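Per-entry structural report
If you want the building blocks of each chain, they are given just below.
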Amino acid sequence: MKKIGVLTGGGDCPGLNTVLRAVVKTAMVKYGYEVTGFKDGYRGLVMNEYIRFKSGDVSGILDKGGTILGTSNKDNPFNFRVETDGRVEYKDMSDRVMENVKMHGIDCMVLIGGDGTLTSARDFARKGMKVVGVPKTIDNDLSATDTTFGFMTAVETATDAIDKLHSTAESHHRVMILEVMGRYAGWIALESGIAGGADVILIPEIPYDMNKVAQKITERKNAGKSFSIVVAAEGAKSLTGDMVVSKIMSDSPDPIRLGGIGNKIAGEIEELTGIETRVTVLGHLQRGGRPVPYDRILSTRYGVEAVEMINKGLSGKMVSLQGNEITSVSLENAVGKLKTVPPDGELVRIAKSVGVGFGD
Ligand code: F6P
């Protein structure tokens, strides 16, 4: 009987519980393996905080947002925050993690997360741990898979918000700005903007000129359309400016938190167009709630495949969606490269064809 461990790391996203369910059911029911879940991302592996799964533990969680294991986007086991007598230090705790995994007799760890979690997965593989990675993030910015689970649910949430903003924008003859997540990649803004019929989409990959944004809105007004919808990714920036940072989390491996682009551009749009402009920041609503059916199916495919890979004795790999096939890629090649929106790619082109402005 094999023993496997599992954790969820980084920011949460819809579908994490669905992956856990698929991993536990396939491992315990299909193969009779033992499954140990570590709590709150890598923190649980460092501190040896865990649960020994019973198959009933994953009943009824298919459609639940969040993760029953908890998660953390602060705990890097290679640079782990330790507080002794009020003094804070950052220490490499990876050897302790290796010992804990050995102590539990774990044959392979399933590490579910985004680029940060998967980079540590690669580093543990280099240290000799058997690992299989599962790619997650609402941002859909991992280069080694076509789609991460959670993304489609975030797009659905953002599209629903755009639909609702449309009616009130039209009634009041206003410009409505929707600020969505997507740090360095504008996929959520682009896809929800196309799906919701936005008039302007601002993404980090296409720096905008505010005069062109205002011109687009004014042209609409002159053509009798007295309202406009602008979707801005939190990482959007002007030709001359930088991304808008909302705060720095000094205890996080990736300390920059973006936010505020909506309010920044609202004043500029109002001044240049003379149209009343309002802002909605969608924030963490995009990370919560029930996964859409696409994400439930993708999460299940990833979770089942992770266990099938372990059963075949594979390791150092990440499950990946290529076209419509679930396959695997080496973790060595899977991390450190973000998948960003190609500015002249098909999605941007079709958006432009139907009249969307990008401020370029
Ligand atoms: O990477 C996922 C993500 O949701 C980003 O889109 C966003 O910028 C960030 O995480 C927010 O992180 P936090 O939950 O720490 O504010």
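Since this is a predicted model, take the numbers as computed values, not measurements. (Residues numbered from 1 in each chain as written. Predicted model: local features only at pLDDT ≥ 70, side-chain atom pairs only at ≥ 80, totals over all residues. Heavy atoms only, no water.)

**Overview of the packing of helix α1 (residues 16–30) against helix α9 (residues 293–311)**
As a packed pair, α1 and α9 sit with axes 7 Å apart at the nearest point and diverge in direction by 40 degrees. One element, α1, and the other, α9, form an angle in the oblique class. When you trace α1 past α9, the crossing you get is right-handed. Residues Thr18, Val19, Ala22, Val23, Thr26, Ala27 and Lys30 of α1 lie in contact with α9, whose contacting residues are Arg296, Ser299, Thr300, Gly303, Val304, Val307 and Glu308. Taken together, the residues of the contact of α1 with α9 break down into six nonpolar, five polar and three charged. (Axes fitted to C-alpha atoms, helices over the stretch in contact; angles between N-to-C directions. Helix = DSSP H or I, 4+ residues; strand = E, 2+ residues; numbered from the N terminus. Parallel < 35°, antiparallel > 145°, perpendicular 65-115°, else oblique. Left-handed = near helix turned anticlockwise from the far one by under 90°. Contact = heavy atoms within 4.5 Å. Nonpolar A, V, L, I, M, F, W, Y, C, P; charged D, E, K, R; others polar.)

**Quick notes on unusual backbone geometry**
The bulk of non-glycine residues show a negative phi, and the bulk of peptide bonds are trans. Positive phi is not limited to glycine here, since Asn48 has a value of about 60 degrees. By the secondary structure assignment, Asn48 is in the loop between α2 (42–47) and β3 (50–52). Relative accessible area serves as the criterion here: at 25%, Asn48 is assigned to the partly exposed category. Residues other than glycine seldom take positive phi values, yet Asn140 does so here, at roughly 55 degrees. If you trace the backbone, Asn140 turns up in the loop between β7 (131–135) and α5 (151–172). (Buried < 20%, exposed > 50% of the residue type's maximum accessible area, 1.4 Å probe, protein only.)

**A closer look at the domain arrangement of the chain**
Bring the parts together and some accessible area is lost; that lost area is often taken as the interface size. Split by domain assignment, the chain resolves into domain 1 (3–149 + 291–334) and domain 2 (152–288). With centres defined by C-alpha atoms, the gap from domain 1 to domain 2 works out at 33 Å. Listed per partner, the contact involves 17 residues of domain 1 and 19 residues of domain 2. Both sides together, the interface formed by domain 1 and domain 2 hides about 1,500 Å², and carbon and sulfur atoms give 56% of it. The three residues of domain 1 that bury the most area against domain 2 are Lys74, Ile138 and Asp139, which together make up 38% of that side's buried surface. Counting the contacts that link domain 1 with domain 2 gives two salt bridges. Asp251 serves as the salt-bridge partner of Lys74, at 3.5 Å between the closest nitrogen and oxygen. (Domains from an automatic or database assignment. Buried area = accessible area lost by both parts, 1.4 Å probe. Salt bridge = Lys/Arg side-chain N within 4 Å of Asp/Glu carboxyl O.)

**Concerning helix α4 (residues 115–126)**
Along its 12 residues, α4 runs 16 Å from first to last C-alpha, staying within 8% of the 16 Å computed at 1.5 Å per residue. Among all positions of α4, only Thr117, Leu118, Ser120, Ala121, Arg122, Asp123 and Phe124 are buried. Once α4 finishes, Gly128 follows within two positions and takes phi at roughly 105 degrees, a positive value. (Expected span 1.5 Å × (residues − 1).)

**Thoughts on the sheet that holds strand β6 (residues 108–113)**
Spatially, seven strands are ordered β3-β2-β1-β6-β7-β14-β15 in an open sheet, and the strand pairing comes out mixed. This sheet does not close on itself; its edge strands, each paired only once, are β3 and β15 (325–330). Going from strand to strand, the sheet's axes swing by 25 degrees on average, the running direction of each strand aside. Pairing geometry for β7 and strand β14 (residues 317–322), over two bridges, is parallel. (Pairing = 2+ DSSP bridges.)

**A word on the sheet that holds strand β8 (residues 175–180)**
Ordered in space as β9-β10-β8-β13, the four strands form an open sheet in which the pairing is parallel. For this open sheet the edge positions go to β9 (200–202) and β13 (277–281), each flanked by a neighbour on one side alone. Mean inter-strand twist for the sheet, computed between neighbouring axes without regard to direction, equals 20 degrees. As defined by bridge partners, β8 adjoins β13 across five bridges and the pair is classed as parallel. When the bridges of β13 are listed, Val175 appears paired with Thr277. In this fold helix α8 (residues 261–273) packs onto β8, β9, β10 (228–233) and β13, with an angle of close to 160 degrees to the strand it touches most, β8.

**Points about the pattern of salt bridges**
Overall, the coordinates contain 20 salt bridges when judged by the stated rule. With a shortest N-O distance of 3.2 Å, Glu276 and Arg174 are connected by a salt bridge. Linking Glu276 in the loop between α8 and β13 with Arg174 in the loop between α5 and β8, this pair joins segments that are 102 residues apart in sequence. Owing to a relative accessible area of 34%, Glu276 belongs among the partly exposed residues under this scheme.

**Things to note about the site of the ligand**
Around the ligand sit Asn73, Ile138, Asp139, Met181, Gly182, Arg183, Glu234, Arg257, His284 and Arg287, and that is every residue in its neighbourhood. Between an oxygen atom of the ligand and a side-chain N or O atom of Asn73, the distance comes to 3.0 Å. One nitrogen or oxygen atom from the side chain of Arg287 is found 2.8 Å from an oxygen atom belonging to the ligand. Protein chains bury 84% of the 400 Å² of accessible surface belonging to the ligand in isolation. (Near = heavy atom within 4 Å. Polar contact = N/O pair within 3.5 Å; in protein donor to acceptor, adjacent residues only side chain to side chain. Areas by Shrake-Rupley, 256 points an atom, 1.4 Å probe, with all protein chains shown as cover.)

**Quick notes on the nonpolar core**
One finds Ile4, Val110, Ile112, Val134, Phe149, Ile229 and Phe358 to be the most contacted residues of the largest nonpolar core, which totals 61 residues. Of all the elements, α5 adds the most residues to this core, at eight residues. Domain assignment of the residues forming this core places at least three in each of domain 1 (3–149 + 291–334) and domain 2 (152–288). When near neighbours in sequence (up to four residues on either side) are disregarded, Val110 contacts Ile4, Gly5, Val6, Leu7, Val23, Val132, Val134, Ala306 and Ile310. (Core = buried A, V, L, I, M, F, W, Y, C linked by side-chain atoms within 4.5 Å.)

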